[in-house]
Amino acid sequence: MIKTASDIRSSFPILRREVNGKPLVYFDNAASSQKPIQVINAIDNYYRNHHANIHRGVHALSQEATMMYEDARLAVAEFINAESASEIIFTRGATEGINLVAQTLGRQILNEGDEILVTFMEHHSNLVPWQMIAQEKGAVIKAVEVTEDGQLDQESFKNLLSKRTKIFAVGHVSNTLGTINPVKEMAHAAHQVGAYVVIDGAQSTPHLKVDVQNIDADFYAASGHKMYGPTGIGFLYGKKNLLNTIPPYHGGGEMISRVSIEKSTYAELPFKFEGGTPNMAGAIGLHAAIDFIRETDIQHISDVEERLENKLTNALKNIEGIRLIGTAPEKAGVVSFLVDGVSAYDVGVILDQLGIAVRTGHHCTEPLMDRYGIRGTIRASFAVYNTEEEVEIMVNALNRALKMLS
Amino acid sequence: MGEPMKTMEEIQKEIVEDFSFFEEWMDKYEEIIEFGKSLKGLPEELKTEENLVRGCQSNVWVVSEMNNGLLHFEADSDAIITKGIVGLLLRIFSGQRPIDIATEELYALDEIGLQAHLSPNRANGLNAMVNKIKLMALAHRAKEEAEG
Ligand SMILES: Cc1ncc(COP(=O)(O)O)c(C=O)c1O
């Protein structure tokens, strides 16, 4: 059953509110999406009816909570087509997932002079964790160039890939440009030189069907809050044999099988990586978000977003002095731009006054800003609940802002 | 020793009064923007790292100069709204005695409803700007005392 646009919109309570006396137009979805009532209800229901600590209680509530939490893991595994649920580790988000890999795999395999290959379009979350472990291990960071239209430069990639490359860390979709990167082909090439492939899926999971086995990713990290789920929950996928061989991350309860004062033996996957009481409510909310995406249909989501992206892009082309940043042929729901002689910040302030939430600034991708010789952009990013009418409202508001500012 | 033309208190009152005529936010912003555009700003050579106030989203530069016991400021920003707001700050603080600048309580921006309209990271930038002005005043004050 296909949901109508108004079915979808009415699932999001926050979309009914006003901002500065105007109906909210929320175009900051790449930073964080809003939450459907199904997700809000799932969390509410969990706390009202099922909460207890998991995995250790024999009593009914503990078993219910455990079951719901583990069901959520299964839902994530199916969502990204992992081979098994034990390959899914719940984290706080993509950032934690990437740090986990850097501090475990990185610590285990990196030696002095080894190279970690990243790209110039990475979010700081897929750069800084690598810098940290590189510094500790004497490894070197290299970065794939970005072409003028915002694609990964495949020549540069080939040139940088070598026997020294131990880890290739790349975003599936750029949060600033919207570019969908050819991660499957790049993973294949990286595997040929023996590198591990770590993919930042923070911006892909809300928009595209992700199949980690098809991509042949070694690790894949994402955040719940960008895909209609709650904050404070995300997941890291890792191939089972790798998760089995890398050391644990956080020591604590839940992640051990036997502890004496001298030493501990670690628990099986995935618990080995989930020290401490996890975010059960978050995982259960994420499960509801995945159900929402499945019922809405990811293809439908990306069709809606593509239509909005095209509509805004075409409208911007008619405004004098607009410079689009990121015009790759394959994009997912992001339009980034600048206006000659006008600061992005000023535009953001005026749009906010008109009820429109966009993001201005460097979007945590400073190396990419340096690549384009700019300080920031104005970014509109879409979700399935956005409408063409909202795009029209934004274009009118933008014209008004530019009239005031120029 | 020079005398300020007006006290900071008087100027803050004036600003609040000027803005009380605007009912629509749009008019307030028009005013700020026009004010920002009318400020002459700083020559490129003064837009240095040293003179930069680190706000999150837009650059603000501020320089000061002592003249006859009064501390004068000039500033610039690459965002016009920021520049306008900074201009209001300078209208209050520039041309005053360092000791007064350091102790004056700023309330005018709050009162005209600008604080509320500025995003949190911008508000931090504004705070940083006010802090920098006050620190410059304190530094000059300390220098004055040392020189007796
Ligand atoms: C591409 C990309 N990677 C990583 C992150 C970090 O996600 P989180 O802050 O949820 O850990 C973001 C979020 O802005 C992102 O856009």
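Higher on the page you've got the structure.
The model shown is predicted, which means the values in this text are computed figures rather than measured ones. (Residues numbered from 1 in each chain as written. Chains lettered and ligands numbered in written order. Predicted model: local features only at pLDDT ≥ 70, side-chain atom pairs only at ≥ 80, totals over all residues. Heavy atoms only, no water.)

Participant: Before we go on, may I ask you to explain the nonpolar core in this structure?
Facilitator: The tendency in soluble globular proteins is for nonpolar side chains to be buried side by side. Tyr 228 and Ile 350 of chain A together with Ile 81 and Met 129 of chain B are the most contacted members of the largest nonpolar core, which totals 143 residues. Counting residues per element, this core draws most heavily on helix α10 (residues 280–296) of chain A, at 10 residues. Two domains share this core, each providing at least three of its residues, namely domain 1 (5–30 + 297–405) and domain 2 (41–294) of chain A. Residues in contact with Ile 81 of chain B, not counting those within four places in the same chain, are Asp 346, Val 349, Ile 350 and Leu 405 of chain A together with Tyr 29, Ile 32 and Ile 33 of chain B. Judged by nonpolar contacts, the second largest core, of 26 residues, contains Ala 102, Leu 110, Ala 134 and Phe 273 of chain A. (Core = buried A, V, L, I, M, F, W, Y, C linked by side-chain atoms within 4.5 Å. Buried < 20%, exposed > 50% of the residue type's maximum accessible area, 1.4 Å probe, protein only. Helix = DSSP H or I, 4+ residues; strand = E, 2+ residues; numbered from the N terminus. Domains from an automatic or database assignment. Contact = heavy atoms within 4.5 Å.)

Participant: I keep staring at the sheet that holds strand β1 (residues 52–53) of chain B and nothing clicks. Help me out?
Facilitator: Hydrogen bonds along the backbone pair up the strands of a sheet, which may run parallel or antiparallel. Residue and element names in this part refer to chain B. The strand order β1-β2-β3 describes an open sheet built from three strands, whose pairing is antiparallel. Of all the strands in the sheet, the pair left with one neighbour each is β1 and β3 (70–77). The strands touched by helix α3 (residues 80–93) are β2 (60–67) and β3; relative to β3, the strand with the most contacts, the crossing angle is about 175°. (Pairing = 2+ DSSP bridges. Axes fitted to C-alpha atoms, helices over the stretch in contact; angles between N-to-C directions.)

Participant: Can you walk me through the pattern of salt bridges in this structure?
Facilitator: Pairing is possible between side chains of opposite charge, provided their charged atoms come close. As enumerated under the stated definition, the model contains 31 salt bridges over all chains in all. Asp 114 of chain A is paired through a salt bridge with Lys 166 of chain A; the nearest N and O atoms lie 3.6 Å apart. Highlighted residues: Asp 114 of chain A in the loop between α4 (94–109) and β5 (115–119) and Lys 166 of chain A in strand β7 (residues 165–171), separated in sequence by 52 residues. By relative accessible area, which is 24% here, Lys 166 of chain A ends up partly exposed. Of the charged contacts, one joins Glu 9 of chain B and Lys 13 of chain B as a salt bridge, the two residues approaching to 3.6 Å between their closest N and O atoms. Of this pair, Glu 9 of chain B and Lys 13 of chain B both sit in helix α1 (residues 8–20), four residues apart, which is roughly one turn of the helix. With a relative accessible area of 34%, Glu 9 of chain B lands in the partly exposed category. Each of Arg 307, Lys 311, Glu 388 and Glu 392 of chain A takes part in a single network of salt bridges with overlapping partners. (Salt bridge = Lys/Arg side-chain N within 4 Å of Asp/Glu carboxyl O.)

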